[in-house]
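# A structural walkthrough
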Amino acid sequence: DTAVSQTPKYLVTQMGNDKSIKCEQNLGHDTMYWYKQDSKKFLKIMFSYNNKELIINETVPNRFSPKSPDKAHLNLHINSLELGDSAVYFCASSQTLAARTDTQYFGPGTRLTVL
Amino acid sequence: DAKTTQPNSMESNEEEPVHLPCNHSTISGTDYIHWYRQLPSQGPEYVIHGLTSNVNNRMASLAIAEDRKSSTLILHRATLRDAAVYYCIPRQAGTALIFGKGTTLSVSS
(Lines give C-alpha, C1' and ligand atoms only; values in the text may rest on other atoms or scores of the structure.)
Protein backbone atom coordinates (compact mmCIF):
# COMPACT_ATOMS: atom_id res chain seq x y z
CA ASP A 1 0.00 0.00 0.00
CA THR A 2 1.27 3.44 -0.92
CA ALA A 3 1.55 5.58 2.21
CA VAL A 4 1.35 8.99 0.52
CA SER A 5 -0.08 9.12 -2.98
CA GLN A 6 -0.46 12.00 -5.40
CA THR A 7 -2.38 12.40 -8.62
CA PRO A 8 -1.59 13.11 -11.32
CA LYS A 9 2.07 12.16 -11.64
CA TYR A 10 2.52 14.45 -14.63
CA LEU A 11 0.54 17.56 -15.52
CA VAL A 12 1.13 19.57 -18.69
CA THR A 13 -1.00 22.63 -19.21
CA GLN A 14 -1.17 26.05 -20.80
CA MET A 15 -0.47 29.34 -19.12
CA GLY A 16 -3.56 30.86 -17.58
CA ASN A 17 -5.29 27.55 -16.88
CA ASP A 18 -6.48 26.36 -13.47
CA LYS A 19 -5.38 22.95 -12.24
CA SER A 20 -5.50 20.79 -9.11
CA ILE A 21 -3.19 18.21 -7.60
CA LYS A 22 -4.58 15.69 -5.15
CA CYS A 23 -2.82 14.06 -2.22
CA GLU A 24 -3.93 11.27 0.08
CA GLN A 25 -2.19 9.58 3.00
CA ASN A 26 -3.23 6.32 4.63
CA LEU A 27 -0.91 6.57 7.63
CA GLY A 28 -3.42 8.12 9.99
CA HIS A 29 -1.25 11.22 10.33
CA ASP A 30 -2.59 14.55 11.56
CA THR A 31 -0.31 16.83 9.55
CA MET A 32 0.12 17.23 5.81
CA TYR A 33 2.38 19.44 3.71
CA TRP A 34 2.99 20.72 0.22
CA TYR A 35 6.57 21.31 -0.93
CA LYS A 36 7.78 22.73 -4.23
CA GLN A 37 11.01 21.62 -5.93
CA ASP A 38 12.11 24.04 -8.61
CA SER A 39 14.28 23.47 -11.67
CA LYS A 40 17.41 23.92 -9.58
CA LYS A 41 16.23 21.07 -7.34
CA PHE A 42 15.69 23.39 -4.38
CA LEU A 43 12.94 22.03 -2.08
CA LYS A 44 10.79 24.55 -0.23
CA ILE A 45 7.79 24.27 2.05
CA MET A 46 4.61 25.90 0.80
CA PHE A 47 1.84 24.93 3.20
CA SER A 48 1.11 22.74 6.17
CA TYR A 49 -2.23 21.60 7.53
CA ASN A 50 -2.86 20.01 10.90
CA ASN A 51 -6.22 18.30 11.32
CA LYS A 52 -7.65 20.25 8.38
CA GLU A 53 -6.44 23.56 9.77
CA LEU A 54 -3.85 25.69 7.94
CA ILE A 55 -0.77 26.01 10.12
CA ILE A 56 2.06 27.07 7.83
CA ASN A 57 1.59 29.36 4.86
CA GLU A 58 4.90 30.43 3.41
CA THR A 59 5.20 33.32 1.00
CA VAL A 60 3.25 31.74 -1.80
CA PRO A 61 1.14 33.64 -4.36
CA ASN A 62 -2.53 33.53 -3.48
CA ARG A 63 -3.13 31.80 -6.81
CA PHE A 64 -2.20 28.70 -4.83
CA SER A 65 -4.98 27.49 -2.57
CA PRO A 66 -4.67 24.33 -0.51
CA LYS A 67 -7.80 22.53 0.61
CA SER A 68 -8.09 19.78 3.19
CA PRO A 69 -11.50 18.07 3.11
CA ASP A 70 -10.39 15.68 5.85
CA LYS A 71 -7.12 14.95 7.57
CA ALA A 72 -6.20 12.21 5.09
CA HIS A 73 -6.40 14.52 2.08
CA LEU A 74 -4.67 17.73 1.11
CA ASN A 75 -5.28 19.08 -2.37
CA LEU A 76 -3.54 21.96 -4.09
CA HIS A 77 -5.44 24.16 -6.50
CA ILE A 78 -3.55 26.59 -8.68
CA ASN A 79 -5.29 29.41 -10.55
CA SER A 80 -4.01 31.30 -13.57
CA LEU A 81 -0.94 29.15 -14.04
CA GLU A 82 2.31 30.90 -14.94
CA LEU A 83 5.51 29.61 -16.53
CA GLY A 84 7.29 29.96 -13.19
CA ASP A 85 4.91 27.50 -11.58
CA SER A 86 6.60 24.69 -13.51
CA ALA A 87 8.14 22.47 -10.84
CA VAL A 88 7.74 19.19 -9.02
CA TYR A 89 5.23 19.39 -6.18
CA PHE A 90 5.57 16.97 -3.29
CA CYS A 91 2.96 16.16 -0.72
CA ALA A 92 4.09 14.86 2.65
CA SER A 93 2.57 13.82 5.94
CA SER A 94 3.69 13.37 9.52
CA GLN A 95 2.12 12.35 12.79
CA THR A 96 2.41 15.85 14.17
CA LEU A 97 4.08 19.16 13.42
CA ALA A 98 4.93 19.77 17.03
CA ALA A 99 7.63 17.20 17.70
CA ARG A 100 11.26 17.69 16.81
CA THR A 101 11.53 13.92 16.38
CA ASP A 102 8.67 13.72 13.91
CA THR A 103 9.33 11.95 10.60
CA GLN A 104 7.82 13.10 7.34
CA TYR A 105 6.70 10.75 4.59
CA PHE A 106 6.72 12.08 1.07
CA GLY A 107 4.66 11.25 -1.97
CA PRO A 108 6.19 10.49 -5.37
CA GLY A 109 5.69 14.02 -6.65
CA THR A 110 3.68 15.69 -9.40
CA ARG A 111 5.68 17.22 -12.23
CA LEU A 112 3.84 20.31 -13.44
CA THR A 113 4.84 21.81 -16.78
CA VAL A 114 3.29 25.10 -17.83
CA LEU A 115 3.63 25.93 -21.52
CA ASP B 1 16.62 28.55 11.37
CA ALA B 2 19.96 26.87 11.78
CA LYS B 3 22.17 27.04 8.69
CA THR B 4 23.81 23.91 7.35
CA THR B 5 26.88 23.38 5.20
CA GLN B 6 27.36 20.19 3.25
CA PRO B 7 29.76 19.29 0.42
CA ASN B 8 28.07 19.67 -2.94
CA SER B 9 29.06 16.19 -4.03
CA MET B 10 30.86 13.05 -2.93
CA GLU B 11 31.84 9.85 -4.67
CA SER B 12 32.10 6.32 -3.40
CA ASN B 13 32.69 2.82 -4.64
CA GLU B 14 30.19 0.08 -4.07
CA GLU B 15 30.63 -1.93 -0.86
CA GLU B 16 32.77 0.82 0.72
CA PRO B 17 31.75 2.96 3.71
CA VAL B 18 30.68 6.54 3.08
CA HIS B 19 30.91 9.39 5.54
CA LEU B 20 28.72 12.38 4.69
CA PRO B 21 29.56 15.45 6.79
CA CYS B 22 27.33 18.34 7.80
CA ASN B 23 28.15 21.52 9.68
CA HIS B 24 25.34 23.12 11.67
CA SER B 25 27.19 25.47 13.97
CA THR B 26 24.10 27.64 14.72
CA ILE B 27 21.91 24.74 15.81
CA SER B 28 19.90 25.36 18.96
CA GLY B 29 20.25 23.10 21.96
CA THR B 30 16.89 21.43 21.43
CA ASP B 31 16.94 20.91 17.67
CA TYR B 32 17.18 17.34 16.50
CA ILE B 33 19.41 16.60 13.51
CA HIS B 34 17.52 14.84 10.78
CA TRP B 35 18.85 13.31 7.58
CA TYR B 36 16.72 12.72 4.54
CA ARG B 37 17.72 11.55 1.09
CA GLN B 38 16.16 11.92 -2.32
CA LEU B 39 16.72 9.19 -4.85
CA PRO B 40 16.49 10.20 -8.52
CA SER B 41 12.93 11.03 -9.59
CA GLN B 42 11.51 10.23 -6.14
CA GLY B 43 10.31 12.12 -3.13
CA PRO B 44 12.62 12.62 -0.15
CA GLU B 45 12.77 9.79 2.35
CA TYR B 46 13.72 9.79 6.00
CA VAL B 47 17.06 8.25 6.89
CA ILE B 48 17.83 8.88 10.55
CA HIS B 49 17.74 11.49 13.31
CA GLY B 50 19.45 12.19 16.61
CA LEU B 51 19.97 14.78 19.35
CA THR B 52 23.26 14.15 21.12
CA SER B 53 24.13 10.47 21.11
CA ASN B 54 25.20 8.50 18.10
CA VAL B 55 22.32 6.62 16.49
CA ASN B 56 22.05 3.50 14.37
CA ASN B 57 19.25 2.09 12.29
CA ARG B 58 18.97 -0.37 9.43
CA MET B 59 19.82 2.29 6.86
CA ALA B 60 22.68 4.21 8.41
CA SER B 61 24.49 5.50 11.46
CA LEU B 62 24.58 9.07 12.68
CA ALA B 63 27.59 10.40 14.54
CA ILE B 64 27.02 13.72 16.32
CA ALA B 65 29.91 15.84 17.53
CA GLU B 66 30.06 16.52 21.23
CA ASP B 67 29.46 20.25 20.70
CA ARG B 68 26.63 19.40 18.26
CA LYS B 69 28.01 21.78 15.67
CA SER B 70 28.51 19.01 13.16
CA SER B 71 27.33 15.53 12.37
CA THR B 72 28.24 12.73 9.99
CA LEU B 73 25.93 10.31 8.27
CA ILE B 74 27.61 6.95 7.80
CA LEU B 75 26.56 4.44 5.20
CA HIS B 76 28.45 1.32 6.17
CA ARG B 77 28.49 -0.35 2.76
CA ALA B 78 27.37 1.81 -0.12
CA THR B 79 25.26 0.23 -2.83
CA LEU B 80 24.26 1.62 -6.20
CA ARG B 81 20.83 2.25 -4.74
CA ASP B 82 22.34 4.68 -2.23
CA ALA B 83 23.12 7.19 -5.00
CA ALA B 84 20.99 10.17 -3.99
CA VAL B 85 21.00 13.70 -2.64
CA TYR B 86 21.46 13.63 1.14
CA TYR B 87 20.07 16.45 3.24
CA CYS B 88 21.06 17.32 6.79
CA ILE B 89 18.22 19.23 8.50
CA PRO B 90 18.14 20.69 12.03
CA ARG B 91 14.57 20.24 13.14
CA GLN B 92 12.68 22.70 15.27
CA ALA B 93 9.32 21.95 16.81
CA GLY B 94 6.37 23.39 14.95
CA THR B 95 8.17 23.86 11.65
CA ALA B 96 8.29 22.02 8.38
CA LEU B 97 11.55 20.65 7.04
CA ILE B 98 13.95 23.32 5.81
CA PHE B 99 15.98 21.77 3.00
CA GLY B 100 19.41 23.05 1.98
CA LYS B 101 21.30 22.10 -1.15
CA GLY B 102 22.38 18.72 0.20
CA THR B 103 25.19 16.45 -0.94
CA THR B 104 24.89 14.49 -4.15
CA LEU B 105 26.38 11.05 -3.57
CA SER B 106 27.54 9.05 -6.58
CA VAL B 107 28.28 5.35 -6.18
CA SER B 108 30.33 3.43 -8.71
CA SER B 109 30.47 -0.33 -9.20
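A brief structural summary. (Residues numbered from 1 in each chain as written. Chains lettered and ligands numbered in written order. Predicted model: local features only at pLDDT ≥ 70, side-chain atom pairs only at ≥ 80, totals over all residues. Heavy atoms only, no water.)

The next subject is the interface of chain B and chain A. How big an interface is tends to be reported as the loss of accessible area on association of its parts. On the side of chain A, 21 residues touch chain B, which itself brings 22 residues to the contact. Across the chain B-chain A interface, the total number found is 1 salt bridge. The salt bridge involving Asp102(A) is made with Arg91(B); its shortest N-O contact spans 3.8 Å. Linking chain B to chain A there are 6 residue pairs in polar contact (both at pLDDT 80 or more). Residue assignment for the side of chain B that touches chain A shows that the elements contributing at least two residues are β3 (32–38), β4 (45–50) and β8 (84–91) of chain B. Considering every element that reaches the side of chain B that touches chain A, the biggest residue donor is β3(B), with 4 residues. Class assignment for the residues of the side of chain B that touches chain A results in 9 nonpolar, 11 polar and 2 charged. (Contact = heavy atoms within 4.5 Å. Salt bridge = Lys/Arg side-chain N within 4 Å of Asp/Glu carboxyl O. Polar contact = N/O pair within 3.5 Å; in protein donor to acceptor, adjacent residues only side chain to side chain. Helix = DSSP H or I, 4+ residues; strand = E, 2+ residues; numbered from the N terminus. Nonpolar A, V, L, I, M, F, W, Y, C, P; charged D, E, K, R; others polar.)

Per the counting criterion, the structure on display carries 9 aromatic pairs over all chains. Both rings, one in Tyr33(A) and one in Tyr35(A), keep their centres 6.0 Å apart while their planes meet at 35°; by these two values the pair is tilted. Residue classification places Tyr35(A) among the buried positions, given a relative accessible area of 0%. Among the aromatic residues, ring-to-ring pairing joins Tyr33(A), Tyr35(A), Phe106(A), Tyr36(B), Tyr46(B), Tyr87(B) and Phe99(B) into one connected group. (Phe/Tyr/Trp six-rings, centres within 6.5 Å; stacked < 30°, edge-to-face > 60°. Buried < 20%, exposed > 50% of the residue type's maximum accessible area, 1.4 Å probe, protein only.)

Residue and element names in this part refer to chain A. Here Ser 48 shows up in strand β5 (residues 43–50). Residue classification places Ser 48 among the buried positions, given a relative accessible area of 0%. Looking at Ser 48, its side chain comes within polar contact range of the main-chain oxygen of Met 32, at 3.4 Å. When sequence neighbours within four positions are dropped, the list of residues in contact with Ser 48 reads Thr 31, Met 32, Tyr 33, Glu 53, Leu 54, Ile 55, Ile 56 and Leu 97.

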